[in-house]
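The residues making up each chain are set out below.
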Amino acid sequence: MIGIGNDHNGYEVKQELTKYIKELGYDVIDYGCNDTIGDYPTYAFKVSEAVSKKEIDLGILICKTGTGMSIAANKVKHVRCAKVENKEEAFLARSHNNANVLAISAVLPIKLIKEIVKTFIETPFSNEERHIRRIEMIENYDN
């Protein structure tokens with residue numbers, strides 16, 4: 001199950017991505033925003049909390065740059081959100097970091113966005129000891 005959320009800048013991309021993800025064979029839950037007004041933290045928190053509670057497997061967040069969404073998403077415990085701009089970053093975010101939320105810019109070309117999303121969804125975590133150790137270090141850090 002994939003959760004998807006956006007601010008007002010990401011609405012059109014979300015519409016197209018939702019259809020595309022369903023075509024890939026995945027179920028999608030739309031967490032909003034569905035109009036021209038939407039503060040990105042609201043939707044980043046909705047998707048990220050669903051990931052944290054294991055209500056969904058992965059989250060996708062879309063705003064103008066992806067940066068604000070990623071900052072907000074990473075405030076949620078057990079979320080590892082990666083702001084990604086290409087397929088290689090999507091692959092590494094999943095394979096090495098076991099990222100469970102993707103933040104992406106709505107201004108990237110839609111073809112590239114689809115390639116990034118497909119790579120993110122379909123790349124498994126490596127389960128290598130060094131990657132597990134590093135993720136545990138992040139999870140256990142408390143300041």
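Going by the structure above, here's the rest.
Note that the coordinates shown come from a computational prediction; the quantities given were computed from them, not determined experimentally.

What counts and what doesn't
- Throughout, residues of each chain are indexed from 1 in the direction in which the sequence is written.
- Per-residue local features are limited, in this predicted model, to residues with pLDDT of at least 70; the limit for side-chain atom pairs, both in listing and counting, is 80 or more; totals at the level of whole chains, interfaces and linings are taken over all residues.
- With hydrogens and water stripped out, all remaining heavy atoms of the structure feed into the side-chain values.
- Points on a 1 Å grid, built from protein atoms alone, make a cavity when a 1.4 Å probe fits but cannot get out and make a pocket when they are open with protein on both sides within 12 Å along at least 5 of 7 lines; residues with an atom within 4 Å of a point are the lining residues.
- Grid points are joined across faces, edges and corners, and a volume is the space filled by probe spheres set on the points.
- Lys, Arg, Asp and Glu make up the charged group, whereas Ala, Val, Leu, Ile, Met, Phe, Trp, Tyr, Cys and Pro make up the nonpolar group; the residues left over, Gly among them, are polar.
- Runs of E in the DSSP output that reach at least two residues are strands. Runs of H or I that reach at least four are helices, and both are numbered from the N terminus.
- Any two strands with at least two DSSP bridges between them are considered paired.
- Here an angle of 0 to 180 degrees is reported between the N-to-C directions of two axes, which are lines fitted to C-alpha atoms, with helices fitted over the stretch in contact.
- The contact rule is simple, with two residues in contact once any of their heavy atoms fall within 4.5 Å.
- Here the term buried applies to any residue with accessible area under 20% of the maximum for its type, exposed to any over 50%, and partly exposed to those in between, with areas from a 1.4 Å probe on protein chains only.
- Under this definition, polar contacts are N or O atom pairs within 3.5 Å; protein pairs additionally need one hydrogen-donor-capable and one acceptor-capable atom, and for neighbouring residues in sequence, both atoms have to be side-chain atoms.
- Residues belong to one nonpolar core when they are buried, are Ala, Val, Leu, Ile, Met, Phe, Trp, Tyr or Cys, and are joined through side-chain atoms within 4.5 Å.
- Two aromatic rings, drawn from Phe, Tyr or Trp (for Trp, its six-membered ring), form a pair once their centres lie within 6.5 Å of each other, and the interplanar angle then sorts them: stacked below 30 degrees, edge-to-face above 60, tilted otherwise.
- Whether a charge sits over a ring depends on NZ of Lys or CZ of Arg being within 6 Å of the ring centre and within 35 degrees of the ring normal.

K.L.:
What am I meant to see in the layout of surface pockets here?
P.N.:
Gaps between atoms show up when a probe of the same size as a water molecule is rolled over them. The space that makes up the largest pocket amounts to roughly 250 Å³. Lining the largest pocket we find Asn74, Lys75, Val76, Lys77, His78, Val79, Arg80, Ile138, Glu139 and Tyr141. A per-class count over the lining of the largest pocket returns four nonpolar, two polar and four charged. Lining the second largest pocket are Val51, Ser52, Lys54, Ile56, Asp57, His78, Arg80, Arg94, Asn98 and Asn100. Among the residues making up the lining of the second largest pocket, the classes are represented as two nonpolar, four polar and four charged.

K.L.:
I keep staring at unusual backbone geometry and nothing clicks. Help me out?
P.N.:
Peptide bonds are mostly trans, and most non-glycine residues show a negative phi. Cis peptide bonds are those with omega within 30 degrees of zero, and the linkage from Gly32 to Cys33 qualifies with 5°. For Cys33, the position within the fold is in the loop between β2 (28-30) and α2 (40-52). The backbone of His78 sits at a positive phi, close to 75°, despite the residue not being glycine. As for its placement among the helices and strands, His78 is situated in the loop between α3 (67-73) and β4 (81-83).

K.L.:
How do you make sense of the sheet that holds strand β5 (residues 101-105) when you look at a structure like this?
P.N.:
Within a sheet, neighbouring strands are paired by backbone hydrogen bonds and run either parallel or antiparallel to one another. Ordered in space as β2-β1-β3-β5-β4, the five strands form an open sheet in which the pairing is parallel. The open sheet terminates on both sides in strands that have one partner only, identified here as β2 and β4. Looking at each pair of strands side by side, their axes are set apart by 20° on average, direction ignored. Sheet analysis places strand β1 (residues 2-6) next to strand β3 (residues 58-63), joined by five bridges and oriented parallel. Opposite Gly3, over in β3, you have Gly59 as the bridge partner. Packing of helix α1 (residues 11-23) onto the sheet brings it into contact with β1, β2 and β3, and relative to β1 it is tilted by some 165°.

K.L.:
Where do I start with helix α4 (residues 87-95) in this structure?
P.N.:
In an α-helix, one full turn covers 3.6 residues, which means residues spaced three or four apart are oriented alike. Considered for burial, the residues of α4 that qualify are Ala90, Ala93, Arg94 and Ser95. Looking at the buried positions of α4, the neighbouring elements they touch are β3, β4, α5 (110-122) and α6 (129-140). Of the residues that open α4, the one with a side-chain oxygen 3.1 Å from the backbone nitrogen of Glu88 is Asn86.

K.L.:
Would you take a moment to explain the nonpolar core for this structure?
P.N.:
Side chains of a nonpolar character, in soluble globular proteins, are inclined to be buried together. Membership of the largest hydrophobic core comes to 23 residues, with the highest contact counts inside it found for Leu17, Ile21, Ile60, Ile62 and Val117. Within the residue set of this core, elements represented by two or more residues are β1, α1, β3, α4, β5 and α5. The biggest single contributor to this core is α5, with five residues. Apart from residues no more than four positions distant in its own chain, Ile60 is found in contact with Ile2, Gly3, Ile4, Gly5, Leu17, Ile21, Val47, Leu102, Val117 and Ile121. If you look at the next biggest cluster of nonpolar residues, it comprises 18 residues, including Cys33, Ala50, Met69 and Val79.

K.L.:
Hey, could you run me through the packing of aromatic side chains in this one?
P.N.:
Two numbers describe a pair of aromatic rings. These are the distance of the centres and the angle of the planes. Applying the stated criterion to the full structure yields zero aromatic pairs. The ring of Phe120 carries Arg94 above its face, with NZ or CZ at 5.6 Å from the centroid.

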